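# Structure assessment
Spelled out, the chains give:
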Amino acid sequence: MVKKVDHIGIAVKNLEETLKFYKEVLGLELNGIEIVEEQKVKVAFLPIGDTEIELLESTDKEGPIAKYIEKKGEGIQHIAYRVDDIEKAIEEMKSKGIRMIDEKPRYGAGGAKIAFLHPKSTYGVLIELCQRD
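Source: prediction; values computed, not measured.

### Examining a nonpolar patch on the surface
On the surface, Phe21, Val25 and Leu26 cluster together into a nonpolar patch covering about 290 Å² of accessible area. By the secondary structure assignment, leucine 26 is in the loop between α1 (15-25) and β2 (33-36). Here leucine 26 falls in the partly exposed class, since its relative accessible area comes to 46%.

Shown next, in the form of structure tokens:
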């Protein structure tokens, strides 16, 4: 079902400051920035090989990324796995007893359809299923 790691989401307090590290120190190139209003987040895309790093800065102090940083600090927030058919993947997860945060796909950065698995069902890791057409 899982095709590859689509991206790794990293929660950051200051996107511009963090981008300097990824660009100047690691040598990665910025492939764009998008604001996803629904998720109250600003996302920077940094391709690396056939996957990418997504830096996530909250656009609202009550947004999920702001709450994550308040609770756990900056760092890896989720790992996204690419699937061909997200609806089918969600149903398969549910049939295997996996608790879903998203029972139906929603809009994600970069035009993806996404759904999150609850970390209580995945040994503490927030996993995102991601379909790109």
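### Remarks on a positive patch on the surface
Taken together, the side chains of Lys71, Lys72, Arg99 and Lys120 present a region of like positive charge at the surface. Here arginine 99 shows up in the loop between α3 (86-95) and β6 (106-107). A relative accessible area of 45% means that arginine 99 is categorised as partly exposed.

### A short note on the UniProt feature "domain: VOC" (unreviewed entry) in the chain
When the UniProt feature table is mapped to this numbering, "domain: VOC" (unreviewed entry) covers residues 4-132. Within residues 4-132, the helical portion is 23% and the strand portion 38%, while the C-alpha atoms at the span's ends are 12 Å from each other.

### Focus on the environment of alanine 112
For alanine 112, the position within the fold is in the loop between β6 and β7 (113-117). On the basis of relative accessible area, alanine 112 is assigned to the buried category, the value being 2%. Separated by 48 residues in sequence, alanine 112 and proline 64 place their C-alpha atoms 18 Å apart. Setting aside its immediate chain neighbours within four residues, alanine 112 contacts Arg106, Tyr107, Cys130, Gln131 and Arg132.

Rules used in this analysis
Residues numbered from 1 in each chain as written. Predicted model: local features only at pLDDT ≥ 70, side-chain atom pairs only at ≥ 80, totals over all residues. Heavy atoms only, no water. Patch = residues over 30% accessible without salt bridge, like charges linked within 9 Å, V, L, I, M, F, W, Y side chains within 5 Å. Areas by Shrake-Rupley, 256 points an atom, 1.4 Å probe, with all protein chains shown as cover. Salt bridge = Lys/Arg side-chain N within 4 Å of Asp/Glu carboxyl O. Helix = DSSP H or I, 4+ residues; strand = E, 2+ residues; numbered from the N terminus. Buried < 20%, exposed > 50% of the residue type's maximum accessible area, 1.4 Å probe, protein only. Lys, Arg positive; Asp, Glu negative; His and termini not counted. Charge placed at Lys NZ, Arg CZ, Asp CG, Glu CD. UniProt positions renumbered as here; feature names shortened; annotations may be inferred. Contact = heavy atoms within 4.5 Å.

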